[in-house]
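Take a look at the letters that make up each chain.
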Amino acid sequence: MDSFHSAASSHDPVGWHGTTILCVRRGTQVAMAGDGQVTLGSTVIKGNARKVRRIGPSGSILAGFAGATADAFTLLERLEAKLERYPNQLERACVELAKDWRTDRYLRRLEAMMAVADTEHSFTLTGNGDVLEPEDGIIAIGSGGNYALSAARALLTVDGLGAEDIVTRAMKIAGDICVYTNHSVRIETLEAKSAGDHA
């Protein structure tokens, strides 16, 4: 387990330093990537943290987090509990988690953001009770998120690139620009079944 704690401050309320998470949906494929750098102030504490994971039945859901890892694991556990209660209903599980996150006195103190995706939907979850689904199928959170988002949107215009290709290239660009992002990137993918696969 990657047990590290990010020091939150008034100008960095969710401990984003050292985190870039990118999720891209294209065609039947969804890919999520996270870099491995953890930074405390101006010091790199760890370079290979695992910030993207598979959760849910048979690892059918991708989850990535930005913020304090201990808090993120707590949220992941809560989300998995919601998924057990609402199987095959990712959106419902996310909404129920967001409600708890916003109203529960303990959960309100957790400093993290999450990106989750299955073969049909992608969502960003925040402690403000937000469950946001992007119009263009791209989610980017963390200190290098804007760089990764910009690169991914540009790469979406390139014919022949799949979701995994896009996150690979976009994360490299983010790592080249953002001092809190490195090139130790973990990528997880999901592939939706096409109509022919049901035959």
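Residues numbered from 1 in each chain as written. Predicted model: local features only at pLDDT ≥ 70, side-chain atom pairs only at ≥ 80, totals over all residues. Heavy atoms only, no water.

1. Considering the UniProt feature "active site" (unreviewed entry) in the chain
In step 1: The sites that carry the UniProt feature "active site" (unreviewed entry) are, in the present numbering, Thr19.
In step 2: By the element assignment, Thr19 lies in the segment before β1 (20–26).
In step 3: Dropping the residues within four chain positions of it, Thr19 is found in contact with Asp35, Gln37, Lys51, Phe65, Ala66, Gly67, Ile141, Gly142, Ser143, Gly144 and Tyr180. (UniProt positions renumbered as here; feature names shortened; annotations may be inferred. Helix = DSSP H or I, 4+ residues; strand = E, 2+ residues; numbered from the N terminus. Contact = heavy atoms within 4.5 Å.)

2. With respect to the packing of helix α1 (residues 69–85) against helix α2 (residues 90–103)
In step 1: Taken N-terminus to C-terminus, the directions of α1 and α2 make an angle of 130 degrees; their axes are 9 Å apart at the nearest point. Classified by the angle between their axes, α1 and α2 sit oblique to one another. For the pair α1 and α2, the crossing hand works out as right-handed. Here Leu75, Arg78, Leu79, Lys82 and Leu83 of α1 lie close against α2, whose contacting residues are Leu90, Ala93, Cys94, Glu96, Leu97, Asp100 and Trp101.
In step 2: The class makeup of the residues in the contact of α1 with α2 is 8 nonpolar, no polar and 4 charged. (Axes fitted to C-alpha atoms, helices over the stretch in contact; angles between N-to-C directions. Parallel < 35°, antiparallel > 145°, perpendicular 65-115°, else oblique. Left-handed = near helix turned anticlockwise from the far one by under 90°. Nonpolar A, V, L, I, M, F, W, Y, C, P; charged D, E, K, R; others polar.)

3. As for the nonpolar core
In step 1: Of all hydrophobic cores here, the largest spans 22 residues; its most connected members are Leu79, Val116 and Leu125.
In step 2: Looking at this core, the elements with two or more residues in it are β6 (61–67), α1, α2, β7 (112–117) and β8 (122–125).
In step 3: Tallying contributions element by element places α1 first for this core, with 6 residues.
In step 4: If near-sequence neighbours (up to four positions away) are discounted, Val116 is found in contact with Met32, Leu62, Ala63, Leu79, Leu90, Cys94, His121, Ser122, Phe123 and Leu125.
In step 5: The next biggest cluster of nonpolar side chains, apart from the first, holds 17 residues, and it includes Val24, Ala163, Ala170 and Met171. (Core = buried A, V, L, I, M, F, W, Y, C linked by side-chain atoms within 4.5 Å. Buried < 20%, exposed > 50% of the residue type's maximum accessible area, 1.4 Å probe, protein only.)

4. With respect to the UniProt feature "binding site: Na(+)" (unreviewed entry) in the chain
In step 1: Those places that UniProt annotates as "binding site: Na(+)" (unreviewed entry) correspond, in this numbering, to Gly175, Cys178 and Thr181.
In step 2: In this structure, Cys178 sits in the loop between α4 (163–177) and β11 (185–191).
In step 3: With residues near it in sequence (within four places) discarded, Cys178 still touches Ser143, Gly144 and Tyr147.
In step 4: Relative to the elements of secondary structure, Thr181 occurs in the loop between α4 and β11.
In step 5: Thr181 gets classed as buried once you look at its relative accessible area, which sits at 4%.

5. Re the sheet that holds strand β9 (residues 131–132)
In step 1: On the basis of which strands lie adjacent, the open sheet formed by 5 strands has the order β5-β6-β7-β8-β9 and antiparallel pairing. Looking at strand neighbours, the two that pair on one side only are β5 (52–55) and β9, the edges of this open sheet.
In step 2: Sheet topology places β5 next to β6; 4 bridges connect them, and they run antiparallel. Paired with Arg54 across the two strands is Leu62, which belongs to β6.
In step 3: Contacting β6, β7, β8 and β9, α2 runs over the sheet at an angle of about 5 degrees to β8. (Pairing = 2+ DSSP bridges.)

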